[in-house]
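# A structural walkthrough
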Amino acid sequence: MPATAPSSRTLIYVLIGVLSALVLGGVIVGMVFLVRGCSGNQAVEDDDKYVTEALRQIEKVDEIEGDLIAETRGLDFSVGAEQFQVQVKSIQKQLGDATVKLDAAAASLEKIDVTDLPDWWDTYISLLDKAYAEKRKAYQEWDEFITRMAELDEFSQTYTAMVNAYNAALNTLSSAISQHNAEQYAAARSTSASAQGQLAQASTQLQALTQLEPGVDLSQVSAAISQVWGFISEFQRLCDLALAGSWDQHNALVDQLRPQFDSLPRTISFDINAWIASIRDEYVDSIEDHLAREADYRARAAEVWEENND
């Protein structure tokens, strides 16, 4: 039998089905693009919010930074150990405040997701991340430096004790020489032993200083202590010769010891103020180098932003 031709009503149903499928497909595609567009806009808004917050926190750090640099540059041990520690604590407090704000900036930067954003965001965020990293390095060095300065209290106290013991040994030795000149040879011998004990204390404290700060050059201090120690030993031999009545040897030794006593170092030459200043300057120079690199990265990030947001 011949095939029966489809009725007009059947054709209309088929056509409606096809059109419905096309419309439904169009709606689905449209919704996908709409969702993607909204998602992209939300991502931009979120990341823009995170960047704004991060920069706001870093700008707060910048406000602290100017005074912080000035105070650190002005850190001076010559004001005395007590006042020096007051300066150190002031800097420590400001560093703590700045670090809290740096942590807040880091938390915002970590939330940024450039997956759905234009390509230039990759460059922009990368530059901000590099800027933050340099600032973090600066503050890590700052914290390391100021912690070390705070710990110098023990060093300074030991240094002061060493200087006092050394000076006391010289004064006691001068008394022993006066007793010798007054022909009080036994008393002079005993007094020189006291000077020797004081010098031994200075030597012990010198060893403690080298353990506290192995990098410190205390060779001149060590040489001064050795020179005085050698003189005391010879002076005691002088007293022993007098007590033994060996006057020829005694008088010959007197002539040798007079110029030696005059040449004994009256002060210890280690300059603790200059040493601490050199450590300070080395750290601050490095800190400022990090901050200069940070400023460069931030300036480059700003240029990228301006180029893409005209």
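You'll find the structure just up there.
In this report, the structure presented in the accompanying data block is examined. For every chain, the first residue of the written sequence is number 1, and numbering continues from 1 onward in sequence order. In view of the model being predicted, local features appear only for residues whose pLDDT reaches at least 70, and side-chain atom pairs are presented and counted only at 80 or more, with totals across whole chains, interfaces and linings using the full set of residues. Heavy atoms from the whole structure form the basis of all side-chain values; hydrogens and water molecules are not counted.

## Quick word on the overall build of the protein chain
Rules: Only DSSP runs of H or I reaching four residues or more are called helices, and only runs of E reaching two or more are called strands; each is numbered from the N terminus. Buried residues are those whose accessible area, probed at 1.4 Å on protein chains only, stays under 20% of the maximum for their type, while exposed residues exceed 50% and partly exposed ones sit between those limits. In what follows, a contact means two residues having at least one pair of non-hydrogen atoms within 4.5 Å. The protein chains shown are the only cover counted for residues, whose accessible areas, like all others here, come from Shrake-Rupley with a 1.4 Å probe.
Within the protein chain one finds eight helices and zero strands. For the protein chain, the succession of helices and strands along the chain, N to C, is α-α-α-α-α-α-α-α. In the protein chain, buried positions account for 36% of the 310 residues. Long-range contacts, defined as pairs at least 24 residues apart, comprise 83% of the intrachain contacts of the protein chain with a sequence gap of at least 6. On the protein chain, roughly 17,500 Å² of surface is accessible, and the fraction owed to carbon and sulfur atoms is 53%.

## Quick look at empty space enclosed by the protein
Let me state the cut-off plainly: Cavity: a set of points on a 1 Å grid over the protein atoms alone where a 1.4 Å probe fits but cannot get out. Pocket: an open set with protein on both sides within 12 Å along at least five of seven lines, its lining residues, like those of a cavity, having an atom within 4 Å of a point. Grid points are joined across faces, edges and corners, and a volume is the space filled by probe spheres set on the points. Residues are grouped as follows: Ala, Val, Leu, Ile, Met, Phe, Trp, Tyr, Cys and Pro are nonpolar; Asp, Glu, Lys and Arg are charged; every other residue, Gly included, is polar.
On inspection of all chains with the given rule, the structure shows one cavity of 30 Å³ or more. When its volume is computed, the largest cavity comes out at roughly 40 Å³. Lining the largest cavity, in full, are A54, L55, I58, L109, L128, A131 and R298. Residue assignment for the lining of the largest cavity shows that the elements contributing at least two residues are α1 (8–73) and α3 (120–150). By residue number, the principal contributor to the lining of the largest cavity is α1, which donates three residues. Residues belonging to the lining of the largest cavity are distributed by class as follows: six nonpolar, no polar and one charged.

## A look at the packing of helix α5 (residues 185–212) against helix α6 (residues 219–244)
The criterion, for reference: Only the stretch in contact is used when a helix axis is fitted, and all axes are lines through C-alpha atoms; the angle between N-to-C directions ranges over 0 to 180 degrees. If an angle is under 35 degrees, it is roughly parallel; if it is over 145, roughly antiparallel; if it lies from 65 to 115, roughly perpendicular; otherwise it is oblique. Less than a right angle of anticlockwise turn of the near helix away from the far helix marks a crossing as left-handed, whereas a clockwise turn marks it as right-handed.
Following both chains from N to C, one finds α5 and α6 inclined at 160 degrees, their axes separated by 10 Å at the closest point. Comparing their axes, α6 and α5 come out roughly antiparallel. In this structure, the crossing between α5 and α6 has a hand that is left-handed. A breakdown of the residues in the contact of α5 with α6 according to their chemical character gives 18 nonpolar, six polar and two charged.

## Overview of the pattern of salt bridges
Under the convention used in this document: We count a salt bridge whenever a side-chain nitrogen from Lys or Arg sits within 4 Å of a carboxyl oxygen from Asp or Glu.
Across all of its chains, the model carries 18 salt bridges by this definition. Here D240 makes a salt bridge to R189, at a shortest N to O gap of 3.0 Å. With D240 in helix α6 and R189 in helix α5, the pair connects residues that are 51 residues apart, well separated along the chain. Between R298 and E294 there is a salt bridge, and its shortest N-O distance comes to 2.6 Å. Of this pair, R298 and E294 both sit in helix α8 (residues 272–307), four residues apart, which is roughly one turn of the helix. The structure contains a network of salt bridges with shared partners spanning D62, E65, K135, E294 and R298.

## Let's talk about the packing of aromatic side chains
Under the convention used in this document: Ring geometry is summarised as follows: Phe, Tyr and Trp rings, the Trp one being its six-membered ring, pair when their centres sit within 6.5 Å, and such pairs are stacked at plane angles under 30 degrees, edge-to-face over 60 and tilted between the two. Here, a charge over a ring is recorded when the distance from Lys NZ or Arg CZ to the ring centre is within 6 Å and its angle to the ring normal is within 35 degrees.
All chains considered together, the criterion is met by 14 aromatic pairs. Both rings, one in W120 and one in W121, keep their centres 5.1 Å apart while their planes meet at 35 degrees; by these two values the pair is tilted. The pair formed by W120 and W121 is uniform in burial state, with each residue classed as buried. Through a chain of ring-to-ring contacts, three or more aromatic side chains come together here, namely W120, W121, Y124 and W305. Positioned above the aromatic ring of F261, the side-chain terminus of R266 is 4.7 Å from the ring centre.

## Focus: the layout of surface pockets
Its volume calculated, the largest pocket comes out at about 170 Å³. For the largest pocket, the full set of lining residues is I177, H180, N181, F231, F235, L238, V254, L257, R258, F261 and D262. Within the residue set of the lining of the largest pocket, elements represented by two or more residues are α4 (152–181), α6 and α7 (247–262). Among the elements that line the lining of the largest pocket, the one with the most residues is α7, at five residues. Of the residues assigned to the lining of the largest pocket, the class counts are seven nonpolar, two polar and two charged.

## Points about α8
Inclusion rule: To estimate how far a helix should reach, multiply one less than its number of residues by 1.5 Å. Polar contacts here mean pairs of N or O atoms no more than 3.5 Å apart (in protein, one a potential hydrogen donor and the other a potential acceptor; neighbouring residues in sequence count only if both atoms are side-chain atoms).
Here α8 is 36 residues long and its end C-alpha atoms lie 53 Å apart, about the 52 Å a rise of 1.5 Å per residue gives. Looking at where α8 begins, the residue whose side-chain oxygen comes 3.2 Å from the main-chain nitrogen of N273 is D271.

## Notes on a negative patch on the surface
This is how it is decided: Patch rule: a residue counts if its relative accessible area is over 30% and it has no salt bridge; like charges are joined within 9 Å, and nonpolar side chains (Val, Leu, Ile, Met, Phe, Trp, Tyr) within 5 Å. The charged-residue count follows a simple rule in which Lys and Arg add positive charge and Asp and Glu add negative charge, with His and chain termini not counted at all. A charged residue contributes its charge at one atom only: NZ of Lys, CZ of Arg, CG of Asp or CD of Glu.
Where like charges cluster on the molecular surface, the negative patch consists of E303, E306, E307 and D310. With a relative accessible area of 52%, E306 lands in the exposed category.

All quantities given are derived from atomic positions and should not be read as evidence of function.
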